[in-house]
Amino acid sequence: MGPLAVNEIISSNTNFFLAFVIGIGFGFVLEQSGFSSSRKLAGLFYGYDMVVLKVFFTGGVTAMLGLLFFSLFGWVDLNLVYVNPTFLTSAIVGGLIMGAGFIMGGFCPGTSFCGAAIGKLDAMIFIVGLFIGVYLFAFGYPLFETLYKSAPMGSPKISTMLDLSDGVFALILVVVAVGLFYGSEWVEKRFPREEY
Amino acid sequence: MKPLHYLTLVLVILALIIALVPQNTTRPYKLTAEQLLAEIRTGTQFVSPDEVADKIVQKDPSIQLIDVRNPREFDMFSLQGAINIPLQDILSENNFDILNQGTKMNIFYSNGSTEANEAWMLTRQLGYQNNYVLQGGLNYWMETILNPLKPESIISNDEIARYDFRKAASMALGGGDASSMAPASSPASATPKPGVVPVKKKKKASGGC
């Protein structure tokens, strides 16, 4: 049955509309969880508030289990689900740049729009910076192209690399996530901050 | 209990279930586009008219001829023992048991081979087994089986044997009579000797089954 758009059960216009609705929902949840506050985001790096890690890990693990159950029930064909191809070098370099921007600016791209939506000036400045970065990359693309395209790995799955079934890998990841949840509770107690 | 404990409990139980059940590997579509293309290029789905004629004459119970033309054309002329499943009904649930089974060899045919090939591609892609296509369709059937051309006398014994077989099959399958109603008919070139009972030839190993 699924993916709905790939199997042409819904048109691509309906697909965009659903993405729009889900996007609004995503933004709403981000804002309600306090992700529009750059102090909360920076808390992840200083250890006084680990909610970002908890929310994103919960989201990822829930989506993973959901997809695996959908596949088990025959509701979605996982082979047809698009997976971004991995380019190892650019993933590492990009991750470092994004991490640095994250801790300096106090936002990630999604939460900066959340912050801007509720009128935060620093978030708006962050978006300006984000676009400067986008244009720099686009116009300087010939300079970055070799790096950008180096170490292509296709769309690998860690479960296949470790020769495990998807289900067993999911269980391991869930155990890791739960460990991180309790670990972050401990970290929050270790580095408390009264008001932020 | 703290919310974190609840979350942990639910996640771990679900993950345990998903780790213990076998992975669902069934897919609605069985072949990738590349695999299908490779099959089409090698033409494994084709069964030659001679082979089909031989099986009809032998009253081989293992084949099922399926006419994918419309019912009007089917009523005008059809091969012996054929059933009619028009192409537009190929996905109908009533035909599922006929098209997806492990015992008989289904052979699709149409006037040319386009419609029969379309039926084959659909069923192949759905993962159904034992579906084949009559090579060249009814037009080629008329040419080769019902109205075989006498080969030149210098031709090899093999060719002559094949001609004799075709003439015999034509006789058994009512050549000439049907040709007036059949598509792409041409006048019967040779009247087969009456009373010839086709002898089962030694079958050559060939693709198709």
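The following refers to the structure shown. Everything numeric here is computed off the predicted structure, so don't read it as measured data. (Residues numbered from 1 in each chain as written. Chains lettered and ligands numbered in written order. Predicted model: local features only at pLDDT ≥ 70, side-chain atom pairs only at ≥ 80, totals over all residues.)

**Some thoughts on the environment of Leu41 of chain A**
Residue and element names in this part refer to chain A.
Consideration 1: Take Leu41: it is sitting in helix α2 (residues 38–46).
Consideration 2: Overall, Leu41 belongs to the buried group, with 23 C-beta atoms counted inside 10 Å.
Consideration 3: Between the C-alpha atom of Leu41 and that of Gly106, which follows or precedes it by 65 residues, the distance is 6.0 Å.
Consideration 4: If we ignore the near neighbours within four places in the chain, the residues touching Leu41 are Phe35, Val52, Gly106, Phe107 and Thr111. (Helix = DSSP H or I, 4+ residues; strand = E, 2+ residues; numbered from the N terminus. Buried ≥ 20, exposed ≤ 12 C-beta atoms within 10 Å, placed from the backbone. Contact = placed C-beta atoms within 7 Å.)

**Some remarks on helix α5 (residues 109–117) of chain A**
Residue and element names in this part refer to chain A.
Consideration 1: For α5, the full list of buried residues reads Thr111, Ser112, Phe113, Cys114 and Gly115.
Consideration 2: Taken together, the buried residues of α5 touch α1 (12–32), α2 and α6 (121–139).
Consideration 3: Immediately beyond the C-terminal end of α5, within one or two residues, lies Gly119, with a positive phi of roughly 85 degrees.

**Points about the nonpolar core**
Consideration 1: Counting 30 residues, the largest nonpolar core has Ile107, Phe108, Tyr109, Ala116, Val133 and Leu134 of chain B as the members making the most contacts within it.
Consideration 2: Sequence-distant contacts of Phe108 of chain B, defined by excluding residues within four places in its chain, comprise Ile66, Val68, Ala116, Ala119, Trp120, Asn131, Val133 and Leu134 of chain B.
Consideration 3: Ranked by size, the runner-up nonpolar core spans 13 residues in total, among them Phe169, Ala170 and Phe181 of chain A together with Ala15 of chain B. (Core = buried A, V, L, I, M, F, W, Y, C linked by C-beta atoms within 7 Å.)

**What about unusual backbone geometry?**
Consideration 1: For Ala151 of chain A, which is not glycine, the phi torsion reads 50 degrees and is therefore positive.
Consideration 2: Tracing the backbone shows Ala151 of chain A in the loop between α7 (141–148) and α8 (158–161).
Consideration 3: Positioned with a positive phi, Lys59 of chain B is a non-glycine residue whose angle comes to about 50 degrees.
Consideration 4: With respect to the helices and strands, Lys59 of chain B occurs in the loop between α3 (49–57) and β2 (63–67).
Consideration 5: The exposure class assigned to Lys59 of chain B is exposed, which follows from the 9 C-beta atoms found within 10 Å.

**So, the interface of chain B and chain A**
Consideration 1: Contact with chain B, which involves 16 residues of that partner, is made by 19 residues of chain A.
Consideration 2: Taken together, the residues of the side of chain B that touches chain A break down into 11 nonpolar, 4 polar and 1 charged. (Nonpolar A, V, L, I, M, F, W, Y, C, P; charged D, E, K, R; others polar.)

**Quick look at the packing of helix α9 (residues 166–190) of chain A against helix α1 (residues 3–20) of chain B**
Consideration 1: Their axes nearest at 8 Å, the elements α9 of chain A and α1 of chain B cross at an angle of 165 degrees. Classified by the angle their axes make, α9 of chain A and α1 of chain B are roughly antiparallel. Like other packed secondary-structure pairs, α9 of chain A and α1 of chain B cross with a definite hand, here left-handed. Here Gly167, Val168, Ala170, Leu171, Val174, Val178 and Phe181 of chain A of α9 of chain A come into contact with α1 of chain B, specifically with Leu4, Thr8, Leu11, Val12, Ala15, Leu16, Ile18 and Ala19 of chain B.
Consideration 2: Class assignment of the residues belonging to the contact of α9 of chain A with α1 of chain B gives a composition of 13 nonpolar, 2 polar and no charged. (Axes fitted to C-alpha atoms, helices over the stretch in contact; angles between N-to-C directions. Parallel < 35°, antiparallel > 145°, perpendicular 65-115°, else oblique. Left-handed = near helix turned anticlockwise from the far one by under 90°.)

**Considerations on the sheet that holds strand β4 (residues 105–109) of chain B**
Residue and element names in this part refer to chain B.
Consideration 1: The 5 strands lie next to each other as β1-β5-β4-β2-β3, forming an open sheet whose pairing is parallel. In the strand order of this sheet, the two ends are held by β1 (46–47) and β3 (83–84), each with one partner.
Consideration 2: Here β2 runs beside β4; their pairing, made up of 5 bridges, is parallel. Bridged to Asp67 within β4 is Tyr109. (Pairing = 2+ DSSP bridges.)

**Describing α1 of chain A**
Residues spaced three or four apart along an α-helix face the same direction, because each turn holds 3.6 residues.
Residues and elements named next belong to chain A.
Consideration 1: Between its first and last C-alpha, α1 extends 30 Å over 21 residues, near the 30 Å set by a 1.5 Å rise per residue.
Consideration 2: Sparse coverage of α1 is indicated by the burial of 0 of its 21 residues.
Consideration 3: Immediately downstream of α1, the backbone of Gly34 shows phi near 85 degrees, a positive value. (Expected span 1.5 Å × (residues − 1).)

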